[in-house]
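Close look at the chain arrangement
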Amino acid sequence: MTSDAQHLSAFLEAEAAEAGAARNTLLAYGRDLGDFMGWLAARGLCFESAAQGDIETYLVSCEAAGLARATRARRLSAIRQLYRFAYDEGWRAENPSLRLAGPGRSKALPKTLSLVEVEALLAAARAQGRSAGERSRNTCLMELLYATGMRVSELVGLPVAAARGDPRMLLVRGKGGKDRMVPLSSPARAALADWLKLRDANEEAARLAHRAAPSKYLFPGNGAEGHLTRQQFFHQLKALALAAGIAPGRVSPHVLRHAFATHLLEGGADLRAIQMMLGHADLSTTEIYTHVLDARLRDLVLTHHPLARKDDQ
């Protein structure tokens, strides 16, 4: 069993790499989650076994200790982030923090990007890179991510065998080893075909020169994992955001996953279909996107309706 300290370390590394969390933010997460895990350990509990009731009891104890509302809200936010990450990574079969009520703070809506911004990122991917191979790989990564809503760990770890034969659907191994099928758009299929040609040519050249054995991954890497790491992809995504004229702080792999779901919902897609494509075990996890859409529709009415009054905003 992985220790609580190892879980916390992996979470903080991911926050630094994928979300671009600042040092002070990481220190705050470490303090808050360290306190929570210490509280669990003192009661013979651990991160992997804690249930919703245990977290609620911890929050009550924080209030009883006289912690300010803002501090308690921050601790709950850190706990939610940790369990969301654990759920996405497959460490937990469920998210026990999903239905917790915070001390007076509203639940934040997922950050997302507009269709125009996503198109700018895709255009940047096609233009940015030191070689044709880099540009093709970047384009394939971005097209697949936006076309499927995959988690970044699922994307970088895709086996090349799953991409052979010009597939219309892609088999993705999700959290907990569960497989799901996701459809590919025409641009994604074209980008995949282009990248496979260059990837296979590079692999063959390396094999003939006895430089490296063929990789089983669609996006090979030189590290211990054998594939492009999510940290490497994160840094590449930040560079593409700059090239596209978008603030890098607004862009992450998870934000593109949110954009995928939000744009599908705006286009009239069924919520359960989106749930299946995202690999959510619980529909309530997917329902957050209806709130994003509700907020956008409300802004649209208040901005453009002829009878909308300023005092309604």
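A quick note: this is a predicted structure, and the numbers were derived from the prediction, not measured.

1. Thoughts on the side chain of E143
Looking at the secondary structure, you find E143 in helix α6 (residues 132-148). In this view, E143 contacts L122, R126, P187, A188 and A191; residues no more than four positions away in its chain are not counted.

2. Considering the packing of helix α2 (residues 23-42) against helix α4 (residues 69-89)
Here α2 crosses α4 at 85°, and the two axes come no closer than 9 Å. Judged on the interaxial angle alone, α4 and α2 are roughly perpendicular. Residue-level contacts link Y29, D32, L33, D35, F36 and M37 of α2 to R74, R75, A78, I79, Q81, L82 and Y83 of α4. Class assignment of the residues belonging to the contact of α2 with α4 gives a composition of 8 nonpolar, 1 polar and 4 charged.

3. Some words on the pairing of strand β1 (residues 169-173)
Of the two faces of β1, only the one carrying L170 and V172 is buried; M169, L171 and R173 on the other face are not. Pairing of β1 with strand β2 (residues 179-183), which is carried by 5 bridges, proceeds in the antiparallel orientation. Across the sheet, V172 pairs through a bridge with R180, a residue of β2. As consecutive antiparallel partners, β1 and β2 are separated by 5 residues, and within that stretch G176 has a phi angle of approximately 65°, a positive value.

4. A look at the pattern of salt bridges
Evaluated as defined, the whole model comprises 17 salt bridges. For D200, the salt bridge goes to R164, with nearest N and O atoms at 2.6 Å. Separated by 36 residues along the polypeptide, D200 in helix α8 (residues 186-208) and R164 in the loop between α7 (152-156) and β1 bring together distant segments of the chain. A salt bridge links R173 to D179, with the shortest nitrogen-to-oxygen separation between them at 2.3 Å.

5. Quick notes on α2
With 20 residues, α2 extends 28 Å between its outermost C-alpha atoms, agreeing within 8% with the 28 Å of an ideal straight helix rising 1.5 Å per residue. Buried within α2 we find L26, A28, Y29, D32, L33, F36, M37, W39 and L40. Mapping the buried residues of α2 onto a view down its axis gives an arc of 160°, with all of them on the same face. In α2, the exposed positions angled more than 90 degrees off the buried face are occupied by R23, N24, R31, A41 and A42. G44 occupies a position one or two residues after α2 and carries a positive phi of about 75°.

6. Some details on unusual backbone geometry
We note that D166 has phi near 50°; this positive angle belongs to a residue other than glycine. Structurally, the position occupied by D166 is in the loop between α7 and β1. You can call D166 partly exposed: its relative accessible area is 38%.

Cut-offs applied
Residues numbered from 1 in each chain as written. Predicted model: local features only at pLDDT ≥ 70, side-chain atom pairs only at ≥ 80, totals over all residues. Heavy atoms only, no water. Helix = DSSP H or I, 4+ residues; strand = E, 2+ residues; numbered from the N terminus. Contact = heavy atoms within 4.5 Å. Axes fitted to C-alpha atoms, helices over the stretch in contact; angles between N-to-C directions. Parallel < 35°, antiparallel > 145°, perpendicular 65-115°, else oblique. Nonpolar A, V, L, I, M, F, W, Y, C, P; charged D, E, K, R; others polar. Buried < 20%, exposed > 50% of the residue type's maximum accessible area, 1.4 Å probe, protein only. Pairing = 2+ DSSP bridges. Salt bridge = Lys/Arg side-chain N within 4 Å of Asp/Glu carboxyl O. Expected span 1.5 Å × (residues − 1). Arc of directions from axis to C-beta.

This is a description of form; function is not addressed.
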